[in-house]
Amino acid sequence: GLVACSKPVEVKMLSGSAQGTTWHVSVWNEEAIDTQGLQENIEAEFARIDKLMSNYRPDSVIEQFNANQTSLPVEVGKEIVSLVNAARKVSEASNGCYDLTVKPLFQLWGFSKDTFNKPSGLGIDNALKDTGLEYLSAPTQTQLQKKLPQLSIDLSSIAQGYSVSRIAEVVEKIGITNYLVEIGGEMQTRGHKPDGSSWRIAIERPLPGDRAVHKVIDIKQDDSIAIMTSGTYRHYFDEQGHRYSHIIDARTGNPVTHSTLSVTVLHDDPTQADAWSTALLCLGAKEGKRVAKEYGLAALFISESEGQLHDVKRY
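Let me sum up the structure you'll find in this document. Since this is a predicted model, take the numbers as computed values, not measurements.

Here's the deal with the overall build of the protein
Next, step 1: Scanning the protein from terminus to terminus reveals 7 helices and 17 strands.
Next, step 2: The C-alpha extent of the protein, read off along each of the three principal axes, is 80 × 50 × 35 Å.
Next, step 3: Every one of the 315 residues in the protein was classed for burial, and the buried ones make up 49%.
Next, step 4: Across the protein, the fraction of contacts at a sequence separation of at least 24, relative to all contacts at a separation of at least 6, is 59%.
Next, step 5: As presented, the protein carries roughly 15300 Å² of accessible surface, and 49% of it is formed by carbon and sulfur atoms.
Next, step 6: Averaged over its 32 positive side-chain charges, the protein has a centre that lies 4 Å from the centre of its 40 negative ones.

Following this line, the structure appears as structure tokens:
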């Protein structure tokens, strides 16, 4: 028979729903891929992470920890502790703008229930008393401890990035080194496309209701890299001519007021990239650029002034 000169390449697209959004995985390999096995492994990993970190199910490890109003150490496992430690570094770098404990403020402003409610200054002061990452410690690698029993932790700003890294690991475990993993717009790529060209990532134009592409990034490296975007444009309220973003500055208890609409961070660690994109968005381009420079972060800030969009790169 004829001998083919080029190896056949198996390209597969997998997808599903998880974490209140959709996920997509593109993989290719020179050997056959057990697509069904891979799909099942991905779904099992999502289920495992959900049981640990979901803020939407009362039986998750993090929600049990939140509900447990104790100041004694509580077993939460290695993964949650490592996420809290990663978030703490980013929180400190942002001078506390980014904080995992802002849930009471979200509830106060009505962001949790989607019913906008501008609180009083006193209400904000009281909610701020129930927040602060400094009231949370990790006495061991598997335990968290609250200094304020009523403290609650929301991992959503970092858990999605972590999930991206875990799903990428599921893909790598079966020997695949060319992939694009995406969960709700958060991504990790490795390798390149079957024809040798780069993976291309579209960054959305950060305007409400407008799913247009603002910019395309070519990933010009084969090593794995994470591309994480945080935006104020997906969730906000307009009230008496003023727009309130769901990004709350934990230092003031108020939604951010700057004109930065989105921040994309490229980083080799998806977990850190996710936390940084939120923290830099919280800070806004002016302050955020300085922090990005200090920490050597590759970041793209998109801001709006007089209805025009402006890009600020920091590499």
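The structure having been displayed, the exposition proceeds.
Some words on the packing of helix α3 (residues 78-93) against helix α6 (residues 156-173)
Next, step 1: α6 packs onto α3 with a crossing angle of 120° between their chain directions and a minimal axis gap of 11 Å. By the angle between their directions, the pair α3 and α6 is classed as oblique. The handedness of the crossing between α3 and α6 is right-handed. Facing E79, L83, A86 and A87 of α3, the residues of α6 in contact are I158, A159, Y162 and R166.
Next, step 2: The residue inventory of the contact of α3 with α6, partitioned by class, reads 6 nonpolar, no polar and 2 charged.

Details of the sheet that holds strand β3 (residues 74-75)
Next, step 1: Read from one edge to the other, the open sheet built from 3 strands follows the order β3-β5-β4, with strand pairing classed as antiparallel. With one partner strand each, in any of the chains shown, β3 and β4 (136-140) form the two edges of the open sheet.
Next, step 2: For β4 and strand β5 (residues 143-146), the ladder comprises 3 bridges, and the chain directions are antiparallel. Counterpart to T140 in the pairing with β5 is Q143.
Next, step 3: Across the sheet, α3 touches β4 and β5, and the angle it forms with β4 is around 130°.

Quick notes on the packing of aromatic side chains
Next, step 1: Applying the stated rule across the entire model yields 3 aromatic pairs.
Next, step 2: Taken together, a centroid distance of 5.7 Å and an interplanar angle of 35° make the contact between W23 and F46 tilted. Of the two residues, W23 is situated in strand β2 (residues 21-29) and F46 in helix α1 (residues 35-53); the sequence distance between them amounts to 23 residues.
Next, step 3: Look at F46 and you get buried, because its relative accessible area is 6%.
Next, step 4: Their ring planes at 65° and their centres at 6.0 Å tell us that F106 and F111 sit as a pair that is edge-to-face.
Next, step 5: Above the face of the F65 ring, K146 is positioned so that its terminal group lies 4.8 Å from the ring centre.

What counts as what
Residues numbered from 1 in each chain as written. Predicted model: local features only at pLDDT ≥ 70, side-chain atom pairs only at ≥ 80, totals over all residues. Heavy atoms only, no water. Helix = DSSP H or I, 4+ residues; strand = E, 2+ residues; numbered from the N terminus. Buried < 20%, exposed > 50% of the residue type's maximum accessible area, 1.4 Å probe, protein only. Contact = heavy atoms within 4.5 Å. Areas by Shrake-Rupley, 256 points an atom, 1.4 Å probe, with all protein chains shown as cover. Lys, Arg positive; Asp, Glu negative; His and termini not counted. Charge placed at Lys NZ, Arg CZ, Asp CG, Glu CD. Axes fitted to C-alpha atoms, helices over the stretch in contact; angles between N-to-C directions. Parallel < 35°, antiparallel > 145°, perpendicular 65-115°, else oblique. Left-handed = near helix turned anticlockwise from the far one by under 90°. Nonpolar A, V, L, I, M, F, W, Y, C, P; charged D, E, K, R; others polar. Pairing = 2+ DSSP bridges. Phe/Tyr/Trp six-rings, centres within 6.5 Å; stacked < 30°, edge-to-face > 60°. Lys NZ or Arg CZ within 6 Å of the ring centre and 35° of its normal.

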